[in-house]
Amino acid sequence: MIRLPGLIDPHVHVREPGQTHKEDWDTATATALAGGVTMILAMPNTRPPIFDESTLALALDSARAKARCDYAQYLGAGPDNAAEAARLAPRAAALKMYLDSTFGQLRLDDMTLWMEHFRRWPGQTPIVTHSESRSMAAAIWMAQLFEKPIHIAHISLREEILLIKEAKARGIKVTCEVCPHHLFLTSPSPILGENGGGPGRGPGRAEVRPRLAAQADVDALWENLDVIDCFATDHAPHTLAEKDGENPPPGFPGLETLLPLLLTAVDDRRLTIDDIIQKSVVNPRKIFQLPEQPETWVEVDENARYELKASEMRSRCGWSPFEGWQVRGRVTRVVLRGREAFKDGKILAETGYGRNVRTT
Ligand SMILES: [Zn+2]
């Protein structure tokens, strides 16, 4: 048995308010605990998006009633909320800026809108950007200009990791995260395939933003693991009917497959247990100024070999891009703040047990 600290996932789409048929604070935090994740940072592109006092209260009211693990809620950067977001900063996980197209309505096209946020955000926590390729370079430059820390969400490309490496070497304050699906899947994916792979798997299942990348990009991420600060799932559940239907929305679930995939990479000697602790606990805690969770740990049976099956997972979305993968390492028990929260496949933490880590 291996004992790990509770993992922190800085990138989770809870889908509540507004799209609770995909997920809600109950199911998102249940699937987190089953995956060994004891703290999540919730993204703001819900319906409505979380961008001011009243929408923040809306999300936090649901979280207070339903969350089973600890959490904080992001604020979204909109076209005219820079002053209010800055005022609400102490109550938010961080500020999220959408600079490229993805799911939801929060994209900021005009750089004068970016500037207002970079100017006003207080900077105790980073500005987190969904920024791919050249918009990532522009965002890092703007963060430098306004002397604010920036965290790049879900990097996936060779050019991105190499640029961040150069920036860090020059002392620029930039951090980044990578998602398991960008480490373990390529496009076309042997699992999801050009047309979605095996029976019943439509091409919509491979839709994710940033897109799955080429093998050379995946190789560059693995070759530059030391440049990657955090592992983040970008858990972004959509139902199977939506993924296999017209206009499939981008996004994969990921909370319950994160640790088994990483532990399998440890078994394959591509990662170490210390890499997991640094990138899923130590670094996210430092970057996002998160409190320690006392008496919190995850027990793993490192020898368990089994097949990943969405039917055994707790996400409401009902599928996984890693369906059928053989993995090594199973979460057997999770203790959160002194109480058993998960044991032998059962969620024991009740709804409402989770705490907002941004309340003073
Ligand atoms: Zn996301």
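Refer to the structure presented above.
Residues numbered from 1 in each chain as written. Predicted model: local features only at pLDDT ≥ 70, side-chain atom pairs only at ≥ 80, totals over all residues. Heavy atoms only, no water.

(A) Representation of the sheet that holds strand S9 (residues 174-178) within the structure. Spatially, S5-S6-S7-S8-S9-S10 is the arrangement adopted by the six strands of the open sheet, whose pairing is parallel. Each having just a single partner strand, strand S5 (75-76) and strand S10 (230-231) make up the two edges of the open sheet. Sheet strands touched by helix H4 (residues 111-120): strand S6 (95-98), strand S7 (127-130) and strand S8 (150-152). Its angle to S6, the strand with the most contacts, is close to 165°. In this fold helix H5 (residues 134-146) packs onto S7, S8 and S9, with an angle of close to 165° to the strand it touches most, S8. (Pairing = 2+ DSSP bridges. Helix = DSSP H or I, 4+ residues; strand = E, 2+ residues; numbered from the N terminus. Contact = heavy atoms within 4.5 Å. Axes fitted to C-alpha atoms, helices over the stretch in contact; angles between N-to-C directions.)

(B) Structural context of the sheet that holds strand S4 (residues 70-73). Spatially, three strands are ordered S2-S3-S4 in an open sheet, and the strand pairing comes out parallel. In the strand order of this sheet, the two ends are held by strand S2 (7-12) and S4, each with one partner. Neighbour to neighbour, the strand axes of the sheet diverge by 15° on average, direction disregarded. When strand S3 (residues 37-42) meets S4, the two strands line up parallel, connected through four bridges. Looking at the pairing, methionine 39 lines up with aspartate 70 of S4.

(C) Summary view of the pattern of salt bridges. Here the structure, examined in full by the defined rule, presents 24 salt bridges. Measuring nitrogen to oxygen at the nearest pair gives 3.1 Å for the salt bridge that ties glutamate 16 to lysine 66. Of the two residues, glutamate 16 is situated in the loop between S2 and helix H1 (25-34) and lysine 66 in helix H2 (residues 53-66); the sequence distance between them amounts to 50 residues. Assessed through its relative accessible area of 23%, lysine 66 is described here as partly exposed. Ionic pairing is found between arginine 333 and glutamate 340, a salt bridge with its closest N-O pair at 2.6 Å. Classification of arginine 333 as partly exposed rests on a relative accessible area of 21%. Taking the relative accessible area as the measure of exposure, glutamate 340 reaches 31% and is therefore partly exposed. Residues joined by salt bridges that share partners form a network here, namely Glu16, Asp24, Lys66 and Arg316. (Salt bridge = Lys/Arg side-chain N within 4 Å of Asp/Glu carboxyl O. Buried < 20%, exposed > 50% of the residue type's maximum accessible area, 1.4 Å probe, protein only.)

(D) A look at the coordination of the zinc ion. Only His11 (NE2), His13 (NE2) and Asp234 (OD) from the protein reach the zinc ion as donors, at distances of 2.1 to 2.2 Å. In the primary structure, the donors to the zinc ion are separated according to the pattern H-x1-H-x220-D. With histidine 11 in strand S2 and aspartate 234 in the loop between S10 and helix H9 (240-243), this pair connects stretches of sequence that are 223 residues apart. (Donors = N, O, S within 2.8 Å, 3.2 Å for Na, K, Ca; no water.)

(E) Representation of the pairing of S9. The element S9 is extensively covered by neighbouring structure, given that five of its five residues are classed as buried. Burial along S9 is two-sided: Val174, Cys176 and Val178 facing one way and Thr175 and Glu177 facing the other are all buried. Each parallel crossover has a hand, and for S8 linked through helix H6 (residues 158-169) to S9 it is right-handed. Where S9 meets S10, two bridges bridge the pair, whose relative direction is parallel. Residue pairing for S10: valine 178 is matched across the bridge by phenylalanine 231. (Right-handed = clockwise from strand over helix to strand, strands pointing away.)

Don't take any of this as a statement about function, it's just geometry.
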